[in-house]
Amino acid sequence: MHLLDGETSPAASAHVPTAPARWPLLGHSWPLLTRPREFLLSLEKVGSLVRVYIGQLPMVVITDPELTRQVLHDSATFDKGGSLYEKLSELTGNGLLTSQSEPHKRQRRLVQPAFKKSSIKDYSSVMAEVAEGALRDWEDGAVVDMKAAAYHIASRIAARSMFSAEMADASIERIAEALSIYLNGLFVRTVGPGTLFERLPTPGNLRYKRALEVLHEEIRKIISEYISSGVEREDVLSILLREKDEGGGAGLSPQEVHNQVTTLLLAGIETSAATLCWCLYLLGHHPDVTQRLQAELDSVLGG
């Protein structure tokens with residue numbers, strides 16, 4: 001499934017059916033808040049393109065894989081923009097996640113060296129080490145909160161891959177906690193009826209604002225300590241700091257480095273943890289697939 005801002009999407013002008021159970025003022029915010037998975041899965045029966053209202057904001061949900069592929073591959077037509085990206089840019093700035101076509105291309109060229117084949121091999125050893133450390137704390141027959149465990153594993157992997165030095169160890173705890181608070185608040189703002197509520201000094205809004213401040217504070221501190229140390233490393237942050245534009249240009253500015261680190265932490269922790277949690281859940285319900293996966297791991301990774 002893919003979501004497009006109905007105000008900026010070409011699909012918004014076409015005849016697109018509206019999802020059922022739209023409420024006055026709230027639109028479809030209530031089912032998105034209370035039963036998001038059930039609501040989104042039901043849209044496939046409505047059509048390949050379905051109009052959904054978040055408050056008064058029209059969105060277009062794509063339920064067809066081929067149409068989703070078309071959107072992802074045609075950035076000239078379906079460029080980023082709209083209120084959702086504006087909200088997200090409070091955290092990530094104009095980084096890879098929120099930047100439009102041309103700035104995105106430049107940023108991607110500068111970030112790409114951190115993900116070359118040899119680097120990924122180094123990160124895979126970090127992943128294995130963190131996973132083994134988590135498993136040592138588990139006991140046969142014990143009940144494990146997989147959502148919390150997956151978040152813990154993903155945050156450690158992200159920290160060790162991006163910041164190989166020990167200086168990030170203390171920060172990653174605060175970053176992971178603040179990121180969870182921030183994303184919960186972002187979801188409420190995404191499906192909420194308007195911006196007026198966001199300005200009220202409610203406990204949730206205050207927690208959201210403080211989480212945003214903590215994320216920026218901790219990332220600024222890590223980058224500053226890295227630069228001050230003067231040590232050459234091969235982690236993601238070190239590569240971002242030294243990569244230059246084509247022709248030996250200036251490379252990423254300090255703010256752009258901050259934006260990319262924030263973006264990669266958001267992607268490396270939240271989406272990875274959610275994917276890991278759902279994969280383990282589904283494997284638990286499909287033992288035949290689990291056996292095939294175990295056989296492949298044994299034959300490909302060799303221990």
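- Looking at an unreviewed UniProt entry, the protein chain carries the name Cytochrome P450, with the source organism given as Archangium minus.

**Thoughts on the side chain of Arg 156**
- Its location among the elements puts Arg 156 in helix H7 (residues 146-162).
- Only 2.9 Å separates the side chain of Arg 156 from the side chain of Ser 155, close enough to count as a polar contact.
- Those residues in contact with Arg 156 that lie beyond four places of it in its chain are Val 130, Ile 172 and Glu 173.

**Here we look at the pairing of strand E2 (residues 49-54)**
- Along E2, 5 of the 6 residues are buried, which leaves the element largely enclosed by surrounding structure.
- The pairing of E2 with strand E3 (residues 57-62) spans 6 bridges and is classified as antiparallel. Considered in E3, the bridge of Val 52 is made with Met 59.
- If you look at the hairpin formed by E2 and E3, you'll find 2 residues sitting between the two strands, and Gly 55 has a positive phi there, around 65°.

**Brief notes about the packing of H7 against helix H11 (residues 254-285)**
- Packing of H7 against H11 brings their axes to within 8 Å, and their N-to-C directions diverge by 145°. Where H7 crosses over H11, the handedness of that crossing is right-handed. Taken together, the residues of H11 that come into contact with H7 (itself represented by Met 146, Lys 147, Ala 150, Tyr 151, Ile 153, Ala 154, Ser 155, Ala 158 and Met 162) are Val 261, Leu 264, Leu 265, Gly 268, Ile 269, Glu 270, Ser 272, Ala 273, Leu 276, Cys 277 and Leu 280.
- The class makeup of the residues in the contact of H7 with H11 is 15 nonpolar, 3 polar and 2 charged.

**Things to note about the nonpolar core**
- Grouped together as the largest cluster of nonpolar side chains are 43 residues, with contacts concentrated most on Phe 163, Leu 179, Tyr 182, Leu 237, Val 261 and Leu 265.
- Looking at this core, the elements with two or more residues in it are helix H4 (83-92), helix H5 (101-111), H7, helix H8 (169-191), helix H9 (203-229), helix H10 (236-242) and H11.
- Residue contributions to this core peak at 9 residues, all from H9.
- Apart from the residues lying within four places of it in its own chain, the contact partners of Val 261 are Met 162, Phe 163, Ile 219, Ile 223, Leu 237 and Leu 240.
- In this structure, Phe 39, Leu 43, Val 52 and Met 59 belong to the second largest nonpolar core, which totals 10 residues.

**A short note on the state of the cysteines**
- The final tally for this structure, using the stated rule, is 0 disulfides.
- Among the cysteines around Cys 277, which has no disulfide bond, Cys 279 carries the closest sulfur, lying 9.5 Å off.
- For Cys 279, a relative accessible area of 40% corresponds to the partly exposed category.

**Considerations on the pattern of salt bridges**
- Evaluated as defined, the whole model comprises 8 salt bridges.
- The closest approach of N and O atoms between Arg 174 and Glu 218, which form a salt bridge, is 2.8 Å. Here the residue Arg 174 occupies a position in helix H8, and Glu 218 occupies one in helix H9, the gap between them amounting to 44 residues.
- Through salt bridges with shared partners, a single ionic network connects Arg 174, Glu 218 and Lys 221.

**Notes on the packing of aromatic side chains**
- Summed over the entire model, instances satisfying the criterion amount to 5 aromatic pairs.
- Pairing Trp 23 with Trp 30 gives two aromatic rings, centres 6.2 Å apart and planes at 20°, and the pair type is stacked.
- With relative accessibility at 39%, the residue Trp 23 sits in the partly exposed group.
- A ring pair is formed by Phe 163 and Tyr 226, whose centres lie 6.4 Å apart and whose planes are at 75°; its orientation type is edge-to-face.

About the thresholds
Residues numbered from 1 in each chain as written. Predicted model: local features only at pLDDT ≥ 70, side-chain atom pairs only at ≥ 80, totals over all residues. Heavy atoms only, no water. Helix = DSSP H or I, 4+ residues; strand = E, 2+ residues; numbered from the N terminus. Polar contact = N/O pair within 3.5 Å; in protein donor to acceptor, adjacent residues only side chain to side chain. Contact = heavy atoms within 4.5 Å. Buried < 20%, exposed > 50% of the residue type's maximum accessible area, 1.4 Å probe, protein only. Pairing = 2+ DSSP bridges. Axes fitted to C-alpha atoms, helices over the stretch in contact; angles between N-to-C directions. Left-handed = near helix turned anticlockwise from the far one by under 90°. Nonpolar A, V, L, I, M, F, W, Y, C, P; charged D, E, K, R; others polar. Core = buried A, V, L, I, M, F, W, Y, C linked by side-chain atoms within 4.5 Å. Disulfide = S-S within 2.5 Å. Salt bridge = Lys/Arg side-chain N within 4 Å of Asp/Glu carboxyl O. Phe/Tyr/Trp six-rings, centres within 6.5 Å; stacked < 30°, edge-to-face > 60°.

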